[in-house]
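# Observations on the model geometry
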Protein chains: 2
Amino acid sequence: MVARSLRHADVTLIDRTNHHVFQPLLYQVATAALSPGDIAWPLRTLFRSQRNVRVMMDDVVSVDRTTRMVSLRNSLRIAFDILIVAPGSRHAYFGHDEWETAAPGLKTMTDAVQLREKMLLAFEDAERRRTSTGVRSQLTFVIVGGGPTGVELAGALAELGRKAMGPDFPSLRLEDLSIMLVEAGPRILPGFDAELSAKASAALTRMGVMIKLRNPVSAVHADGVRVGQEWIPSTNVIWAAGNRASPLLSTLSAPQDSFGRIKVRPDLTIPDDPWIFVIGDAAHCVDHGGKPLPGVAPVAMQQGRYVADLIDHDVPSEQRSPFVYKDRGMLATIGRAQAVAQFGPIRASGLFAWLLWCIVHIFFLISFRNRLRVMSEWVWYYLTFKPGAKLIFERPATARSIRSTDHGHE
Amino acid sequence: MVARSLRHADVTLIDRTNHHVFQPLLYQVATAALSPGDIAWPLRTLFRSQRNVRVMMDDVVSVDRTTRMVSLRNSLRIAFDILIVAPGSRHAYFGHDEWETAAPGLKTMTDAVQLREKMLLAFEDAERRRTSTGVRSQLTFVIVGGGPTGVELAGALAELGRKAMGPDFPSLRLEDLSIMLVEAGPRILPGFDAELSAKASAALTRMGVMIKLRNPVSAVHADGVRVGQEWIPSTNVIWAAGNRASPLLSTLSAPQDSFGRIKVRPDLTIPDDPWIFVIGDAAHCVDHGGKPLPGVAPVAMQQGRYVADLIDHDVPSEQRSPFVYKDRGMLATIGRAQAVAQFGPIRASGLFAWLLWCIVHIFFLISFRNRLRVMSEWVWYYLTFKPGAKLIFERPATARSIRSTDHGHE
């Protein structure tokens, strides 16, 4: 977003992938409703007409503030005058990083494609055995975290499993498919009004999702997960709880909060360095009341535009007005024609909220072509229940991507 | 094709993937012109309305003719009354199977996606170094085999490299991109008329492809390939030469030719077993003149329909009329508005042949929806030179799929 808005400066955009992903729809790739190409766009194509932007596919390892250089994994160091750090976040495993293997999160396209394959293979395997006996744990999906990601994933899985996958796997008894949404707190969608949380809960329950509240996860293994005192056999645990910031941030030598985010100044810079900005999930940025802003796409996008504006107008540190987040509301979709929405005093749920969700998400999709494609995919899917994205690529079992850092400058 | 045509029998369709691929367009996925979902279709979706077909995703290890059972890698054995063996083929490395790692072929979707990633990563890496010095071998693409696959791949690469990729990688000098088509015989497209071979050669040369004829490959390593006496440094060697049949076929205990194909009887059965059929690339099936039929899609499809007809009408062995291949001609595309076509006495090249190629391929795409999508992809691509399929998924370098057999019964 910064790079798109910067029209005058010479920009080098460094990302560890070659594409930009529209993250709010990743769960639709993971549940085979959309194909990867529908919600991702190659960065070079995106910036083809913007001659001031140079794209580099590489991994930023560290930032040296003294020499004004960033170190990269695969190439020489790069000098900068102005630096914008937007490495995003990975999921937090609360001190149990070893859980990640058995309970992967959903932050990148690779996560989504691997989740999709694992899920489709679990169905194939259960079908192959011609019987559901003994495959119970393979057909049990446990989603950890009752925020929007967890809720959307649980809803999409329930739909895929119960409606679209059902007719395709005649040997499977659908009663053996079990989808569980686990939340440590007292209700799902804690960021929303209690009333909307209840509505979302009711909708998910109707769709067959079992919701476990007030139950923190205490152990994760390859064959199951311990929720509170209960052991749930499952080979499909998906992590959607908490964020931790990129390890790159610690090389900035600036104050960090307990999640590793940089405590930025009101103009999103780090202390004593008016031309190093930190934005998005990586920034601990407080609002009027002193509360940190949530790690959601609209915050990151508004911050991107704000920073681009400061840079394009070369605004000196002392003349900058602080960044103010304009909260345009929250939306979470649960399933077909089911969503909850909250805009200032307005609360909505059901079909109306869902249509709103569709419009907002299609509008934000980065290119007109993708908008048309995603829209036609959805129309097709909702009319036919025939997802065109259910491909399993052959791959050895050891091919899970191992990543320690996940960052790129937006 | 057999399973689609069999309307009365109880059919179990076993395939090692969960999808059917329209192989003639695989090279377009490999060159990022199409996305995987555009030319592949989940088998379960395909057969959803055909209740007599059961789909199993598994790997057939062997066939036991005495007990009438097939053994599978991941499940119990399956009994059969009638067996149709259509495992396809892999590329032949002429006794040098160790070359496959450095010079992968293009037979499956996984092949195509991995080739695409390797190619895009080579461009990214060259761009990252800001200079073409020392990356020459990374930007050299050597395609071994001058048949239709090799020609189509060379043409598509030349287009991608010189037109679509060019503007995206400002640091690359296009003169450093080198595409070589290597053929052991005296001309490319040996199956076509000499005149059309010459036209295809001229078109490829105009597009910047270097053609080396009469030069067999004598060594393949990770850093290059020896063609005749010349060593060509290249990290992108693609194998498109020769076929070898699936190892599964040897378990049939029936006569095989030097490529491992089963020498079938005129009704496509194996000797002394009127209800075991072998079709497609796996069958050595001779025409009137005693020449074996080529391993192309139209042969396999016509054989599938022929066998389905025998089975549906329960035709006894002695009443079967032999399979006759109706040759509807050959087509090979070279690039935008460039193709060669040969139908009986008719020869065509250039735009007309290319339009014909487009129509034929879209027509054969298995579902109406895919036809529409592929068509719109192509129109978009030809208008904008913006392939929407250029995604690189993160994956460790060791993730190359290792396969010994590649088979499934169509």
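Note that the structure is predicted; figures quoted are calculated from it, not measured. (Residues numbered from 1 in each chain as written. Chains lettered and ligands numbered in written order. Predicted model: local features only at pLDDT ≥ 70, side-chain atom pairs only at ≥ 80, totals over all residues. Heavy atoms only, no water.)

This paragraph deals with the pairing of strand 13 (residues 217-221) of chain B. Regular strands have side chains that alternate between both faces of the sheet. All names here are of chain B. Summarising the sheet, strand 13 and strand 14 (residues 224-227) pair through four bridges and their orientation is antiparallel. If you follow His221 over to strand 14, its bridge partner there is Gly224. Counted along the chain from strand 13 to the antiparallel partner strand 14, the turn is two residues long. (Pairing = 2+ DSSP bridges. Helix = DSSP H or I, 4+ residues; strand = E, 2+ residues; numbered from the N terminus.)

With that out of the way, let us pick up unusual backbone geometry. Residues and elements named next belong to chain B. Residue Arg214 is not a glycine yet carries a positive backbone phi of 55 degrees. Among the structural elements, Arg214 can be located in the loop between strand 12 (209-212) and strand 13. Looking at Arg214, the relative accessible area reads 58%, which means it is exposed. A positive phi angle, near 65 degrees, is found at Asp272, a position not held by glycine. Residue position: Asp272 is located in the loop between strand 19 (269-270) and strand 20 (273-278). (Buried < 20%, exposed > 50% of the residue type's maximum accessible area, 1.4 Å probe, protein only.)

With that out of the way, let us pick up the environment of Tyr93 of chain B. All names here are of chain B. Note that Tyr93 resides in the loop between strand 9 (89-91) and helix 5 (109-128). In the structure, Tyr93 is positioned 147 residues away from Ala240 in sequence and 9.7 Å away in space, judged by C-alpha atoms. Apart from residues no more than four positions distant in its own chain, Tyr93 is found in contact with Trp99, Glu100, Ala103, Pro104, Gly105 and Trp239. Reaching out from Tyr93, the side chain makes a polar contact with the backbone oxygen of Ala103 at a distance of 2.6 Å. Within polar-contact distance, the side chain of Tyr93 engages the backbone nitrogen of Gly105 at 3.5 Å. (Contact = heavy atoms within 4.5 Å. Polar contact = N/O pair within 3.5 Å; in protein donor to acceptor, adjacent residues only side chain to side chain.)

Residue and element names in this part refer to chain A. Across the sheet, which stays open at both edges, the three strands sit in the order 8-20-19 with mixed pairing between neighbours. Two strands bound the open sheet, and with one partner strand each, they are strand 8 (83-85) and strand 19 (269-270). Bridge analysis of strand 19 against strand 20 (residues 273-278) gives two bridges, and the strand direction is antiparallel. Paired with Ile270 across the bridge in strand 20 is Asp273.

Take helix 7 (residues 194-206) of chain A next. All names here are of chain A. Given a rise of 1.5 Å per residue, 13 residues ought to cover 18 Å, and the 18 Å separating the end C-alpha atoms of helix 7 matches this to within 8%. Those residues of helix 7 not exposed but buried are Leu196, Ser197, Ala200, Ser201, Ala203 and Leu204. One side of helix 7 carries all its buried residues, which in axial view fall inside an arc of 165 degrees. Looking at helix 7, the residues exposed on the side facing more than 90 degrees away from the buried face are Ala194 and Arg206. Positive backbone phi, at 100 degrees, marks Gly208, one or two positions downstream of helix 7. (Expected span 1.5 Å × (residues − 1). Arc of directions from axis to C-beta.)

Another point: the sheet that holds strand 6 (residues 69-72) of chain A. Two strands in a sheet stick together by hydrogen bonds in their backbones, pointing the same way (parallel) or opposite ways (antiparallel). Judged by pairing direction, the sheet is antiparallel, and its three strands sit side by side in the order 5-6-7 (chain A) without closing on themselves. Each having just a single partner strand, strand 5 (60-64) and strand 7 (78-79) of chain A make up the two edges of the open sheet.

All names here are of chain B. Within this structure, the stated rule accounts for 32 salt bridges over all chains. For Asp273, the salt bridge identified is with Arg65, shortest N-O distance 3.0 Å. Residue Asp273 is found in strand 20, and its partner Arg65 is found in the loop between strand 5 (60-64) and strand 6 (69-72); the two are separated by 208 residues along the sequence. Classification of Arg65 by relative accessible area gives partly exposed; the value is 22%. The salt bridge partner of Glu100 is Arg244, with a shortest N-O separation of 3.9 Å. A residue pair is termed long-range when its members are at least 10 positions apart, and Glu100 in the loop between strand 9 and helix 5 and Arg244 in strand 17 (residues 243-245) qualify at 144 residues. (Salt bridge = Lys/Arg side-chain N within 4 Å of Asp/Glu carboxyl O.)

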